[in-house]
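As a plain string of letters, each chain reads:
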Amino acid sequence: MQYLFLLLFPFVLFGRSDFITPLEYASQFYKNPRGIGCQLCHGEHGEGKLIARYKHKGKQRSFTAPRIDNISLSAFFEALNSRKDGMPRYYLTEKEIAALYLYLHPQYKKRKNARKN
Ligand code: HEC
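Now for a quick tour of the structure.

### Some thoughts on the packing of aromatic side chains
With the rule as written, the count across this model stands at three aromatic pairs. Taken together, a centroid distance of 5.1 Å and an interplanar angle of 45° make the contact between tyrosine 30 and tyrosine 103 tilted. In this pair, tyrosine 30 is assigned in helix 2 (residues 22-31) and tyrosine 103 in helix 5 (residues 94-104), connecting sequence segments 73 residues apart. By the burial criterion, tyrosine 30 is buried, and tyrosine 103 matches it. Arginine 89 extends its terminal NZ or CZ atom over the ring of tyrosine 91, reaching a point 4.5 Å from the ring centre.

Pasting the structure below:
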């Protein structure tokens, strides 16, 4: 079901706006997902990020957000539909989660790099 949706996603989304492509929408949504932007913790392209370093009981510790550009679609859905320590709960629709996955998906990045050359 989720996979079917991902396939149909670009067509579904086009109904929403005549002016931006699905990938443009997805990249904007990643930075402004009705709440704090994903990139602030997970990095511009989901590569993961060190959020803070701190000392706890004399020991140096760090708080990082994991990379999210290399996980399966089902793990991605699962994570966004459950409570995660250190991450806000967003209550996104399936469509929105699929958009974010599309944006972070390595194949999309490859295509983007290819266009630059
Ligand atoms: C305040 C920082 C913060 C923000 C903002 C944030 N996350 Fe996270 N996210 C985390 C942390 C920390 C974890 C690791 C939680 C854990 O290990 O249990 C995480 C875990 C995840 C995971 C699971 C990764 C895995 O390997 O299982 C996914 C997927 C994810 N986040 C996606 C998102 C998306 C998409 C957004 C934006 C809608 C977002 N996150 C916004 C901090 C954040």
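### Brief notes about the pairing of strand 2 (residues 59-65)
In this structure, strand 1 (residues 49-56) lies alongside strand 2, joined through seven bridges in antiparallel fashion. Within strand 2, the position partnered with lysine 55 by the bridge is glutamine 60. The loop that links strand 1 with its antiparallel partner strand 2 comprises two residues; one of these, lysine 57, has a positive phi angle of about 50°.

### Observations regarding the coordination of the iron atom of the ligand
Within the protein, the iron atom of the ligand binds to His42 (NE2) and Met87 (SD); these donor distances fall in the range 1.9 to 2.1 Å. Classification of the site at the iron atom of the ligand rests on its six donor atoms, whose angles at the metal span 86 to 179°, yielding the label octahedral. Placement of the pair is histidine 42 in helix 3 (residues 39-42) and methionine 87 in the loop between helix 4 (73-80) and helix 5, with a sequence separation of 45 residues. Exposure remark for methionine 87: the relative accessible area of 29% places this residue in the partly exposed category.

### Observations regarding unusual backbone geometry
Of note, arginine 34 is a non-glycine position whose phi angle comes to about 50°, a positive value. Summarising the element assignment, arginine 34 is placed in the loop between helix 2 and helix 3. For arginine 34, a relative accessible area of 51% gives the class exposed. Of note in the backbone geometry, tyrosine 91 takes a positive phi value of approximately 55° without being a glycine.

What counts as what
- Residues numbered from 1 in each chain as written.
- Predicted model: local features only at pLDDT ≥ 70, side-chain atom pairs only at ≥ 80, totals over all residues.
- Heavy atoms only, no water.
- Phe/Tyr/Trp six-rings, centres within 6.5 Å; stacked < 30°, edge-to-face > 60°.
- Helix = DSSP H or I, 4+ residues; strand = E, 2+ residues; numbered from the N terminus.
- Buried < 20%, exposed > 50% of the residue type's maximum accessible area, 1.4 Å probe, protein only.
- Lys NZ or Arg CZ within 6 Å of the ring centre and 35° of its normal.
- Pairing = 2+ DSSP bridges.
- Donors = N, O, S within 2.8 Å, 3.2 Å for Na, K, Ca; no water.
- Tetrahedral: all angles 85-135°; square planar, octahedral: opposite > 155°, others 65-115°.

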